[in-house]
Amino acid sequence: SQQGEEDPQALSIQEGENATMNCSYKTSINNLQWYRQNSGRGLVHLILIRSNEREKHSGRLRVTLDTSKKSSSLLITASRAADTASYFCATWRQAGTALIFGKGTTLSVSS
Amino acid sequence: GAGVSQSPSNKVTEKGKDVELRCDPISGHTALYWYRQSLGQGLEFLIYFQGNSAPDKSGLPSDRFSAERTGGSVSTLTIQRTQQEDSAVYLCASSLKREGEQFFGPGTRLTVL
């Protein structure tokens, strides 16, 4: 069963605008990760936020985590055409043996 | 190598044939994962290897699927008697430690005609 669910499913913005994607999950977590996927192939790890952290930054990325609401958000500031991709949140299965991914948010940034 | 590699990058096969997909993880990574991604979907866990421990096979969808990891490094995912619903991108990932960042290979796109 899926642990993370991203919202919205698709997002279209103009270059320079900010993009916000949300993720909800079901069970308690040790950490939550965000990944990016270009053209339906390999995923690239973007950022990991631990359960005792509320906010984390990496370049133009800002991730928040609210464990009471079991939700996380990914903000991409000053978006670029190259940010066009699918973005997935992922949490660990309770056995801790693999990540559970949502269906992702498809971001399209037009110039 | 510098990253996780997978081969072949694309595989087209006929229904009923067997296929083997290969994954070379990052050197030194003890954890190796196989996932499957159908068109427009998220990733579905298949199997997990950690060092010399027994693998977690709980994600394998049927007994037609099997995987092995030789010498704690290279892994092979085998699908026997392929079906059209097996068509997907098969992704391999490795990590240095459990519950850490996963590094993904480029995937193998399998098409079963």
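Just so you know, these numbers come straight off a predicted model, no measurement behind them.

*Asks:* Now, about the overall build of chain A: what can you tell me, with residues and values included?
*Replies:* Across its full length, chain A carries zero helices and eleven strands. In chain A, the succession of helices and strands from N to C terminus is β-β-β-β-β-β-β-β-β-β-β. The C-alpha radius of gyration computed for chain A amounts to 13 Å, which stays within 12% of the reference 13 Å derived for 111 residues, consistent with globular compactness. In terms of overall dimensions, chain A has C-alpha extents of about 45 × 25 × 20 Å along its principal axes.

*Asks:* Can you explain the overall build of chain B? Please cite residues and give values.
*Replies:* When you go through chain B residue by residue, the secondary structure sums to zero helices and ten strands. Each helix (α) and strand (β) of chain B, taken in turn from the N terminus, gives the series β-β-β-β-β-β-β-β-β-β. Taking 2.2 N^0.38 as the reference for a compact globule, 113 residues should give roughly 13 Å; the C-alpha atoms of chain B span a radius of gyration of 13 Å, in line with that estimate. For chain B, the C-alpha atoms occupy an extent of roughly 35 × 25 × 25 Å along the three principal directions.

*Asks:* Tell me about unusual backbone geometry, residues and numbers included.
*Replies:* P8 of chain A follows D7 of chain A through a cis peptide bond whose omega is 0°. Residue position: P8 of chain A is located in the loop between β1 (5-7) and β2 (10-14). With a phi close to 45°, A78 of chain A is a non-glycine residue in the positive phi region. As for its placement among the helices and strands, A78 of chain A is situated in the loop between β8 (71-76) and β9 (85-92). Owing to a relative accessible area of 39%, A78 of chain A belongs among the partly exposed residues under this scheme. Phi is positive for R81 of chain B, close to 45°, though the residue is something other than glycine.

*Asks:* If you had to explain the environment of A2 of chain B to someone new, which residues and values would you point to?
*Replies:* Residue and element names in this part refer to chain B. Among the structural elements, A2 can be located in the segment before β1 (5-7). Exposure remark for A2: the relative accessible area of 86% places this residue in the exposed category. The sequence separation of A2 and S27 amounts to 25 residues, and the corresponding C-alpha distance is 8.4 Å.

*Asks:* Tell me about the interface of chain A and chain B, and name the residues and values.
*Replies:* Contacts between chain A and chain B engage 23 residues on the former and 25 residues on the latter. Overall, the association of chain A and chain B removes approximately 1900 Å² of surface from exposure, summing both partners, and the carbon and sulfur fraction of that is 47%. Of all residues in chain A, R41, W92 and T97 of chain A give up the largest surface area on contact with chain B, accounting jointly for 29% of the area buried on that side. The interface formed by chain A and chain B holds zero salt bridges in total.

The rules behind the values
- Residues numbered from 1 in each chain as written.
- Chains lettered and ligands numbered in written order.
- Predicted model: local features only at pLDDT ≥ 70, side-chain atom pairs only at ≥ 80, totals over all residues.
- Heavy atoms only, no water.
- Helix = DSSP H or I, 4+ residues; strand = E, 2+ residues; numbered from the N terminus.
- Rg over C-alpha atoms; globule rule 2.2 N^0.38 Å.
- Buried < 20%, exposed > 50% of the residue type's maximum accessible area, 1.4 Å probe, protein only.
- Contact = heavy atoms within 4.5 Å.
- Buried area = accessible area lost by both parts, 1.4 Å probe.
- Salt bridge = Lys/Arg side-chain N within 4 Å of Asp/Glu carboxyl O.

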